Amino acid sequence: MALLKVKFNQKKRVKLAQGLWLMNWFSVFAGILVFSMGLFLKIELRKRSEVMDNSESHFVPNSLILMGILSCAFNGFAGKICYDSLDPAKFAKWKPLLKPYLALCCVFNILIFFVALMCFLMRGSLDSTLAQGLKNGMKFYRDTDTPGRCFMKKTIDMLQIEFKCCGNNGYKDWFEIQWISNRYLDFSSKEVKDRIKSNVDGRYLVDGVPFSCCNPSSPRPCIQYQVTNNSAHYSYDYQTEELNLWRRGCREALLNYYSGMMSSMGAVILLVWLFEMSVMVGLRLLHTSLESIANPEDPECESEGWILENSLKDTFKSALENLKKLGKFNQVEAGAEGAEGEEGGKTPAITTVS
């Protein structure tokens, strides 16, 4: 028994073709939207590429760009088919291409669904990418005189100001690295010498943070240095008092920013996927309803359209049998080739007559 069998007359077939033509052009615009989202996400990731450890995060935007281009191509082609289906003479040239085209549509819709899932599941890989990238970026913060790294200070400062964050996981991350360049240290000072000697790696570590960590909304002037020294500031207790530094780490801030963006994109792509599925189902019904016309010379006669010619169970069994036949055919070919090789390898006996 056919799956989702529907009876059509001439009027219904024309309405279905016209509706599908319109839906396909809406899908073309949806493809442009998907392409634009991928391009926007790629640009946003490029902006912070200096604080990302690898380029794995570009898999999703590249996939969105590709899906957008394919969507425009597939739906534009389907729109042409639907338009020509109104004229039996024009539709005849598309008949041999419809089955392969519908198979490609199935693969395309599976890929769209996979990309939508990737938008929701990318948070984990992005988290590790940002954690390592920000850690490396903070290490290079002081290298303002080193070619290739001189921009890192500005990048980190602008990042912390824009996203209202400080450090990788928090402001205390700055206590563990030397973020002040040796160029601005007085090595004749006893305090500087003592701090460098007290560190195994010979680094100048302070309980201070860059200016970009300061919260301008705080009523108190920013306590940027000696953050953990209560006696260095009047009426101050860093453990109990609300610090005038950004509490949130930049990894969390960036992760929330990109995750929210990709979740929204994933929801939009799922809607596009549902729309594409409905277009594919409609195109299949149009294809089968035109194929099943009993008398091609009488276009006004009734016909039947369906999604699958047999039930889902029978279709699945048939697909398995075809796969088994294909496997056996490959085995027979491999056996035949082996036999030919053995025959070719045999050396014929030569009898000499004296």
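Structure first, text after, so check above.
All of these numbers come straight from a predicted model, not from anything done at the bench.

(A) Representation of the overall build of the protein. Scanning the protein for helices and strands turns up 9 helices and 2 strands. Counting from the amino terminus, the protein carries its helices and strands in the arrangement β-α-α-α-α-α-α-α-α-β-α. Sequence separation of 24 or more characterises 72% of the internal contacts of the protein that already satisfy a separation of 6 or more. Accessible area of the protein: about 21,000 Å², with a carbon and sulfur share of 60%.

(B) The packing of aromatic side chains, seen in detail. Per the stated rule, a full pass over the model turns up 11 aromatic pairs. Where tyrosine 141 meets tryptophan 179, the ring centres are 6.2 Å apart and the plane angle is 70°; that geometry is what we call edge-to-face. Of the two residues, tyrosine 141 sits in the loop between helix H5 (123-139) and helix H6 (152-163) while tryptophan 179 sits in the loop between H6 and helix H7 (190-197), which places them 38 residues apart along the sequence. Looking at tryptophan 179, the relative accessible area reads 8%, which means it is buried. Ring centres 6.1 Å apart and planes at 15° place the aromatic pair tryptophan 179 and tyrosine 225 in the stacked group. Residue tryptophan 179 is found in the loop between H6 and H7, and its partner tyrosine 225 is found in the loop between H7 and helix H8 (250-291); the two are separated by 46 residues along the sequence. For tyrosine 225, a relative accessible area of 43% puts it in the partly exposed group. Members of the aromatic cluster, each reached through a chain of ring pairs, are Phe74, Phe77, Tyr101 and Phe108.

(C) Representation of the side chain of histidine 58. As for its placement among the helices and strands, histidine 58 is situated in the loop between helix H1 (10-47) and helix H2 (59-84). In this structure histidine 58 comes out as buried when scored by relative accessible area, which is 9%. Not counting residues up to four positions away in its chain, the partners in contact with histidine 58 are Lys42, Leu45 and Arg46.

(D) Summary view of the packing of H1 against H2. The contact between H1 and H2 brings their axes to 7 Å, and the two run at 165°. One way to sum up the angle between H1 and H2 is to call them roughly antiparallel. When you trace H1 past H2, the crossing you get is left-handed. Among the residues making up the contact of H1 with H2, the classes are represented as 21 nonpolar, 10 polar and 1 charged.

(E) Broad picture of the environment of leucine 286. As for its position among the elements, leucine 286 is in helix H8. Judged by its relative accessible area of 2%, leucine 286 falls in the buried class.

(F) Expanded view of the state of the cysteines. Under the criterion given, the structure shown has 3 disulfides. Here cysteine 166 is linked by a disulfide to cysteine 213, with a sulfur-sulfur distance of 2.1 Å. Disulfide cysteine 166-cysteine 213: torsion about the S-S bond near 85°, hence right-handed. One end of the pair, cysteine 166, is in the loop between H6 and H7; the other, cysteine 213, is in the loop between H7 and H8, with 47 residues separating them in the sequence. Given a relative accessible area of 0%, cysteine 166 falls into the buried group. A residue is classified by how much of its surface remains accessible, and cysteine 213, at 0% relative accessible area, is buried.

Parameters at a glance
Residues numbered from 1 in each chain as written. Predicted model: local features only at pLDDT ≥ 70, side-chain atom pairs only at ≥ 80, totals over all residues. Heavy atoms only, no water. Helix = DSSP H or I, 4+ residues; strand = E, 2+ residues; numbered from the N terminus. Contact = heavy atoms within 4.5 Å. Areas by Shrake-Rupley, 256 points an atom, 1.4 Å probe, with all protein chains shown as cover. Phe/Tyr/Trp six-rings, centres within 6.5 Å; stacked < 30°, edge-to-face > 60°. Buried < 20%, exposed > 50% of the residue type's maximum accessible area, 1.4 Å probe, protein only. Axes fitted to C-alpha atoms, helices over the stretch in contact; angles between N-to-C directions. Parallel < 35°, antiparallel > 145°, perpendicular 65-115°, else oblique. Left-handed = near helix turned anticlockwise from the far one by under 90°. Nonpolar A, V, L, I, M, F, W, Y, C, P; charged D, E, K, R; others polar. Disulfide = S-S within 2.5 Å.

By themselves, these figures tell us nothing about what the structure is for.
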